[in-house]
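# Structural characterization, general
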Amino acid sequence: MNRAGGIEILMPALNPAELWQESERWTNFGPELFKLKDRTGRDFCLAPTHEEVSVEIVRRTIKSYRQLPLLIYHIQTKFRDEPRPRGGLIRAKEFVMKDLYSFDRDEKGLDESFEKMRQAYERILQRLKLPYLILEAEAGAIGGKYTLEFTVPTPSGEDEVILCRSCGYASSKSIAMIGDSEVPQGEETPLRKVHTPNLKTVQEVASFLSTTPDRLVKTLLYIADGRYVAALVRGDRELSESKLSLAIGAKSLQMADGETIEKLTGAPMGFSGPVNLREDVLIVADKEVAKMKGFITGANEEDFHLIGVVPGRDFSISMVADIRLAVPGDPCPKCQGKLEEIRGIEVGHIFKLGTEYSEKMKAYFQDEDGSLKPFVMGCYGLGVSRLVSAVAEIYHDEDGLCWPISVAPFDLIIILVNTQDDVQRETADKIYAQLSQKMSVLYDDREESPGVKFKDADLIGIPIQIVVGRKAMENKVELRVRRTREREDVSLEEIEDRVLSLWERLKEE
Ligand SMILES: [Zn+2]
């Protein structure tokens, strides 16, 4: 962060409600915002993120374009009232974050700050020796127009990631785009109404009509920013609400309740279809549906379905968009390769926020021509405690952790095998005195059995181990590498040089 021009500050964990009311997140953030009252009844929250506080600091101190760009960051404990805390450090109510907030004069400045941060994040993850993917992702509660997520691929992660190994396209599953595919079109047959008593699910209707779910089209009704929307996806597909929101530019999207469905279709839930829908319903068809002919839908009449539905002839599509969830095997949107699904741990997320916060919170600066302009913002989060989890997930074996040297709590551990043996103790003391000048050394001289000490050293995963045992009589100790299990006897004369060169090698690896 410093190399990118960031200034480190400390921000309050306890925030007054007023700041969050200005940004409207006091209510919009949802139940994850940890709210509390002080003894006089004033509202506060324990901040999960610090856009509001950083805007407050900047609007009070920065007045001129000459003071921009400004990058401020902090590494601090933050809070979220998670409904289901789990996974050790992955999803906890309290966590450590690094967040940087950038303030620029214009979009061009924001682009530059964003690019600096993207590069800094790549350097950090490379130094941590973590494999990572950069995903296109959803902004969620932070908002903003463009975001990138950094995720560490591992089967134990909670992030669902869609990936193309041919071209490197990677996206959060909820918004992963899908390339064009061949769709079995079906035939243009006359429209027929069939009696389907008490059959509501796609599978029930398909079985009853002796066909497969991919010949059905689901009609899902929503209310988006007060408008009615019908989303059409093939019977065997799942709608992505995120992609639907993006396609129609909706800020809020809610599934229509039973009452609304009856009002719009004239039938109870389970029998909705696009034919003869009320006129004020926007019909958004998935790309696949737009290519199909002669499919089956609800008839907007209780216990009836329509067979042989043809878009254009029987109803009009208002908008065609890619709105279904991607699944493994779908074509890549960039290269037509095959998409795969993997899991990952989200460790970082960077956002181009634009002027959303500065306008809501009236944070302006004076530009060169004298006019007042809102700060153009970005924010850049890195989950410090999550990173510990991600590193542990990638670097461990059956005996414990194998920290990469860049994040290991110590570089070297000296294991004194027999604390009662004078030669061994003197040798270990001497090596400790010598090497602790050069690196961080942990010295295990506990009165424990050698077995316990070896096991503990493996468990805590210090990268370099020196075992001082019986061979100390012959001026030799054993040098071990935790991760690779390399081991060899080294004479006392050589030990310092050998450890230093091993240390350099491990930093490079
Ligand atoms: Zn591809």
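You'll find the structure just up there.
Structure report, in brief. This one's a predicted model, so the numbers in the text were calculated from it and none came from an experiment. (Residues numbered from 1 in each chain as written. Predicted model: local features only at pLDDT ≥ 70, side-chain atom pairs only at ≥ 80, totals over all residues. Heavy atoms only, no water.)

## Some remarks on the overall build of the protein
Quick note on the threshold: Helical segments are the DSSP runs of H or I of at least four residues, strand segments are the runs of E of at least two, and each set is numbered from the N terminus. Throughout, the radius of gyration refers to the C-alpha atoms, and the reference size of a globule is 2.2 Å times the residue count to the power 0.38. When checking whether two residues touch, look at their non-hydrogen atoms; a contact exists if any pair is within 4.5 Å. Only the protein chains shown count as cover for residues, and the accessible areas themselves come from Shrake-Rupley with a 1.4 Å probe. The charge count treats Lys and Arg as positive and Asp and Glu as negative. His and the chain ends do not count. Charge positions come from single atoms, namely NZ of Lys, CZ of Arg, CG of Asp or CD of Glu.
Helix and strand counts for the protein stand at 13 helices and 29 strands. Taking 2.2 N^0.38 as the reference for a compact globule, 509 residues should give roughly 23 Å; the C-alpha atoms of the protein span a radius of gyration of 30 Å, well beyond that estimate. With the C-alpha coordinates aligned to their principal axes, the bounding extent of the protein is approximately 95 × 65 × 50 Å. Pairs at least 24 apart in sequence give 70% of the contacts found in the protein among residues at least 6 apart. If you sum the accessible surface of the protein, you get close to 24300 Å²; carbon and sulfur atoms cover 50% of it. A distance of 2 Å separates the average location of the 69 positive side-chain charges in the protein from that of its 85 negative side-chain charges.

## Things to note about the packing of helix 11 (residues 422-435) against helix 13 (residues 492-508)
Put simply, the rule is: Each axis is a line fitted through C-alpha atoms, taken for helices only over the stretch in contact, and angles between the N-to-C directions span 0 to 180 degrees. A crossing counts as left-handed when the near helix is turned anticlockwise from the far one by less than a right angle, and as right-handed when that turn is clockwise. In this classification, the charged set is Asp, Glu, Lys and Arg, the nonpolar set is Ala, Val, Leu, Ile, Met, Phe, Trp, Tyr, Cys and Pro, and all remaining amino acids, among them Gly, are polar.
Relative orientation of the contacting elements helix 11 and helix 13 amounts to 35°, with a least axis distance of 11 Å. Taken as a pair, helix 11 and helix 13 cross one another with a handedness that is right-handed. On the side of helix 11, the interface is formed by T427, I431, Q434 and L435, while helix 13 contributes L492, I495, E496 and V499. A class-by-class count of the residues in the contact of helix 11 with helix 13 yields five nonpolar, two polar and one charged.

## Focus: the pattern of salt bridges
Let me state the cut-off plainly: For this document, the term salt bridge refers to a Lys or Arg side-chain nitrogen within 4 Å of an Asp or Glu carboxyl oxygen. When a residue's accessible area, from a 1.4 Å probe over protein chains only, is under 20% of the maximum for its type it is buried; when over 50% it is exposed; and in between it is partly exposed.
Within the structure shown, the criterion is met by 51 salt bridges. Across the pair E368 and R105 runs a salt bridge whose closest N-O atoms are separated by 3.2 Å. One end of the pair, E368, is in the loop between strand 20 (364-366) and strand 21 (372-374); the other, R105, is in the loop between strand 6 (94-104) and helix 4 (107-127), with 263 residues separating them in the sequence. The class of R105 is partly exposed, set by a relative accessible area of 31%. Close ionic contact of E288 with R324 constitutes a salt bridge, the shortest N to O distance being 3.4 Å.

## A look at the sheet that holds strand 25 (residues 412-416)
Worth spelling out the cut-off: DSSP bridges decide pairing: two strands pair if at least two such bridges lie between them.
If you trace the five strands from one edge of the open sheet to the other, you get 26-25-27-28-29, paired in mixed fashion. At either margin of the open sheet sits one strand with a lone partner, and together these are strand 26 (441-444) and strand 29 (487-491). For this sheet, the mean inter-axis angle between neighbouring strands, taken without regard to orientation, is 25°. Taken together, the five bridges between strand 28 (residues 476-481) and strand 29 define a ladder with antiparallel strand orientation. Within strand 29, the residue paired with E478 across the bridge is D489. Against the sheet, helix 11 contacts strand 25, strand 26, strand 27 (464-468) and strand 28, and its axis sits at roughly 165° relative to strand 25. Relative to strand 29, helix 13 is tilted by about 135°, and along the sheet it contacts strand 27, strand 28 and strand 29.

## A look at the coordination of the zinc ion
We count it as follows: Here a donor is an N, O or S atom found within 2.8 Å of the metal, or within 3.2 Å if the metal is Na, K or Ca; sites may look incomplete because water is not among the atoms. When four donors show all angles between 85 and 135 degrees the site is tetrahedral, when four or six donors have opposite pairs over 155 degrees and all other angles between 65 and 115 it is square planar or octahedral respectively, and in every other case it is irregular.
For the zinc ion, the full set of protein donor atoms is C164 (SG), C167 (SG), C332 (SG) and C335 (SG), and the range of their distances to it is 2.2 to 2.3 Å. Angles of 102 to 114° at the metal separate the four donor atoms of the zinc ion, which places the site in the tetrahedral class. The sequence pattern describing where the donors of the zinc ion fall on their chain is C-x2-C-x164-C-x2-C. In this pair, C167 is assigned in the loop between strand 9 (159-164) and strand 10 (170-172) and C332 in the loop between strand 18 (319-321) and strand 19 (339-354), connecting sequence segments 165 residues apart. By relative accessible area, which is 39% here, C167 ends up partly exposed.

## Let's talk about a negative patch on the surface
What counts is decided by this rule: Nonpolar side chains (Val, Leu, Ile, Met, Phe, Trp, Tyr) within 5 Å and like charges within 9 Å form the patches, drawn only from residues with over 30% relative accessible area and no salt bridge.
A cluster of like negative charges, contributed by D257, E259, E262 and E302, occupies part of the molecular surface. With respect to the secondary-structure elements, E302 resides in the loop between strand 16 (295-298) and strand 17 (304-309). On the basis of relative accessibility, which here comes to 47%, the residue E302 falls in the partly exposed class.

## Topic: the sheet that holds strand 12 (residues 217-224)
What the five strands build is an open sheet, ordered 14-12-13-15-18; its pairing is mixed. Strands at the two margins of the open sheet, each flanked by one partner only, are strand 14 (253-255) and strand 18. Averaged over all neighbouring strand pairs, the angle between strand axes comes to 35°, with direction disregarded. In terms of strand pairing, strand 13 (residues 227-234) meets strand 15 (residues 281-286) through five bridges, oriented parallel. If you follow A231 over to strand 15, its bridge partner there is V284. Along the sheet face, helix 7 (residues 258-265) touches strand 12, strand 13 and strand 15 and points at about 110° away from the line of strand 12.

## Describing the pairing of strand 26
Let me state the cut-off plainly: Looking down the strands as they point away from you, a crossover is right-handed if its path from the first strand over the helix to the second goes clockwise.
Both strand 25 and strand 26 contribute to a ladder of four bridges, which runs parallel. Paired with I413 across the two strands is L442, which belongs to strand 26. On the question of chirality, the crossover connecting strand 25 to the parallel strand 26 by way of helix 11 is right-handed.

## Description of the nonpolar core
The nonpolar side chains of a soluble globular protein tend to be buried with one another. So the rule is basically this: Here the nonpolar core consists of buried residues drawn from Ala, Val, Leu, Ile, Met, Phe, Trp, Tyr and Cys, with membership extended through side-chain atoms lying within 4.5 Å.
By size, the foremost hydrophobic cluster in this structure holds 31 residues, and its most contacted members are M117, Y121, L125, L130, V347 and Y380. Of all the secondary-structure elements, those providing two or more residues to this core are strand 5 (70-79), helix 4, strand 8 (146-153), strand 19, strand 22 (376-383) and helix 10 (384-394). The element that contributes the greatest number of residues to this core is helix 4, accounting for six residues. Look past the residues within four positions of V347 in its chain and what remains in contact with it is L125, F150, T151, V152, G381, L382, G383, L387 and A390. Counting 28 residues, the second largest nonpolar core, distinct from the first, contains W20, V53, V58 and F365.

## Digging into helix 3 (residues 51-61)
Within helix 3, eight of the 11 residues are buried, which leaves the element mostly enclosed by the surrounding structure. Of the residues making up helix 3, those classed as buried are E51, E52, V53, S54, V55, E56, V58 and R59.

## A closer look at unusual backbone geometry
Looking along the chain, the bond that leaves L68 and enters P69 is cis, with omega of 0°. One can find P69 in the loop between helix 3 and strand 5. Phi is positive for S210, which is not a glycine, with a value near 50°. Look at S210 and you get exposed, because its relative accessible area is 68%.

## Concerning the packing of aromatic side chains
Note the cut-off: Each aromatic pair joins two rings of Phe, Tyr and Trp (for Trp, the six-membered one) with centres within 6.5 Å, and gets the label stacked for planes under 30 degrees apart, edge-to-face for over 60, and tilted for any other angle. Charge-over-ring contacts are defined here by two conditions on Lys NZ or Arg CZ: a distance within 6 Å of the ring centre and an angle within 35 degrees of the ring normal.
All chains considered together, the criterion is met by eight aromatic pairs. Seen from their ring centres, F114 and Y146 are 5.7 Å apart, and the 55° between their planes marks the pair as tilted. Pair noted here: F114 is in helix 4 and Y146 is in strand 8, with a separation of 32 residues, a long-range link. Where Y121 meets F150, the ring centres are 5.3 Å apart and the plane angle is 45°; that geometry is what we call tilted. Of this pair, Y121 sits in helix 4 while F150 sits in strand 8, and the two are 29 residues apart along the sequence. Residue classification places Y121 among the buried residues on the basis of a relative accessible area of 0%. Here the aromatic residues F103, F365 and F375 are joined through ring pairs into a cluster of three or more. Sitting over the ring of W503, K507 keeps its end group 3.7 Å from the ring centre.

In short, the description is geometric, and any link to function would need to be established separately.
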